[in-house]
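Structural characterization, general
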Amino acid sequence: MQTVREWILDRMKYKRKYGLERMRVLMSLLENPQDDYPIIHVTGTNGKGSTIAMLSSLFVHQGQKVGAFVSPHLIDYTDRFLINGNVMPEEDFEIVGELVRQAEVTLIDEYEPLSFFEIMTAMALVYFSRKKVEVALLEVGIGGLLDTTNVVNSTMSVITSIGMDHEEMLGNTLEEIAIQKTGIFKQNQAVVLGNLPSEALQVAEVVGKAYNCDIHQFEREFRIEPFEKGLVFTNTDTQIHISYLNLKGKYQLENAAVALECFLRFEEKLQFPIELSAIQESFQTVTWPGRMEVVHQSPTVILDGAHNIHALKRLVETVKQHGELEAQHTILFSALKRKHYIEMVDYLREELPKARLVITTFDYVGAIEKTDYPSSEVEFVEEAYPFIEKYVTQTSSKEILWITGSLYFISFIRKFFVK
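Presented here is an overview of the structure given in this document. (Residues numbered from 1 in each chain as written. Predicted model: local features only at pLDDT ≥ 70, side-chain atom pairs only at ≥ 80, totals over all residues. Heavy atoms only, no water.)

**Details of the packing of helix 4 (residues 90–107) against helix 5 (residues 116–130)**
Two numbers describe how helix 4 lies on helix 5: the axes approach to 9 Å, and their chain directions differ by 115°. By crossing handedness, the relation of helix 4 to helix 5 is classed as right-handed. Taken together, the residues of helix 5 that come into contact with helix 4 (itself represented by Asp92, Phe93, Ile95, Val96, Gly97, Leu99 and Val100) are Ile119, Ala122, Met123, Val126, Tyr127 and Arg130. Tallied by class, the residues present in the contact of helix 4 with helix 5 amount to ten nonpolar, one polar and two charged. (Axes fitted to C-alpha atoms, helices over the stretch in contact; angles between N-to-C directions. Helix = DSSP H or I, 4+ residues; strand = E, 2+ residues; numbered from the N terminus. Left-handed = near helix turned anticlockwise from the far one by under 90°. Contact = heavy atoms within 4.5 Å. Nonpolar A, V, L, I, M, F, W, Y, C, P; charged D, E, K, R; others polar.)

This is the structure we're talking about:
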């Protein structure tokens, strides 16, 4: 008999379905665990993971039990399921996975076998119910409207950002993509919006009005600004000073504002008391693997999953903030062929002309190869691990290696440093 992990690995061959009928039947067979706790549903082109990390930290420091479902995993499947920031223990993984597998036995008479992401989502929803979380943070896989996670009746919805990505599934304009993202809105709920482009914002306002949502928009209902060696967050009700944010990158300030506004509105709705000192501590200690993560010192090595042009622009902004005189920058980049990798490489070459740009491949189906970017002007290495090993042992302590691109590439690289 297959183990749970063998069963899940076998289901990788089934493509993700973008309809919800089968998922709804599955959740019914599992007795609808998603109805046992309030849910904050988070979508966006970028910033979902960081925002969820900050939200989780806020709830933990208030003494609340919080579950978080995120993707992709960086090391192991269990990384996707977090309670108070801790990954799911293997024993729970086996128990919850077996419950979902048994439900599939009944389901499979009428439907095809479950896809990998359906299994992951179902496991998360069951796990959070069994552990009796007080709130669950649910990250959308792709889009929102037809995403597997959209079987929940969430308490709040969040859109961190909207840009061009996954056009083959979500549409070729910002308006079309926004229609998919706003598909997670539910009747009469509070909605928190990040810094959205005007085309997407118009869609969000129309959909929000149709669902009678209470919309809170970045720079309109809330904002965050530098203030006396720290930051000050302001919304329509309060002003909170934040001395320090542990996540690096200017763009993380927007994610922090979205997370704090969402947190405050949620606590207000459920009438939970708020301890301001705990808010300070939550931002000072929050971490998020693979996003501006320093994994080596002297020389500095930083991992940042910038898997589309929108995220890459923010990475470039951060690189420039480090200055070109203080250190020599090297960019190690890889991506999947289905992404706009040529545009991304060209952007790096144009915006960081003094940096050493190196392209590589990695062990993942669909990863770019040397022939996919044929320009002889760009350096290519076949194996990333030996390149990194040589870099950290032979390079000046003043230099910085930025490793970026696909989140799957970041996962591949992170294993090198974990070892």
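Here the narrative resumes, following the displayed structure.
**Some points on unusual backbone geometry**
Cis peptide bonds are those with omega within 30 degrees of zero, and the linkage from Ser71 to Pro72 qualifies with -5°. With respect to the helices and strands, the residue Pro72 is situated in the loop between strand 2 (66–69) and strand 3 (81–83). With a phi angle near 55°, Asn84 is a residue other than glycine that sits in the positive phi range. Its place among the elements puts Asn84 in the loop between strand 3 and strand 4 (86–87). A positive phi is found at Gln271, a non-glycine position, where the angle reads about 60°. With respect to the helices, strands and loops of the structure, Gln271 is situated in the loop between helix 9 (252–269) and helix 10 (276–285). Looking at Gln271, the relative accessible area reads 71%, which means it is exposed. (Buried < 20%, exposed > 50% of the residue type's maximum accessible area, 1.4 Å probe, protein only.)

**Here's the deal with the nonpolar core**
Side chains that are nonpolar tend, in soluble globular proteins, to be buried together. With 40 residues, the main nonpolar core has Ile40, Phe59, Leu137, Leu260 and Phe283 as its most contacted residues. It is helix 9 that contributes the most residues to this core, nine residues altogether. In this structure, Leu137 is in contact with Ile40, Ile52, Leu55, Ser56, Phe59, Val66, Gly67, Ala68 and Phe69, ignoring residues within four places of it in sequence. Residues Leu30, Phe81, Met120 and Val133 belong to the second largest nonpolar core, which totals 38 residues. (Core = buried A, V, L, I, M, F, W, Y, C linked by side-chain atoms within 4.5 Å.)

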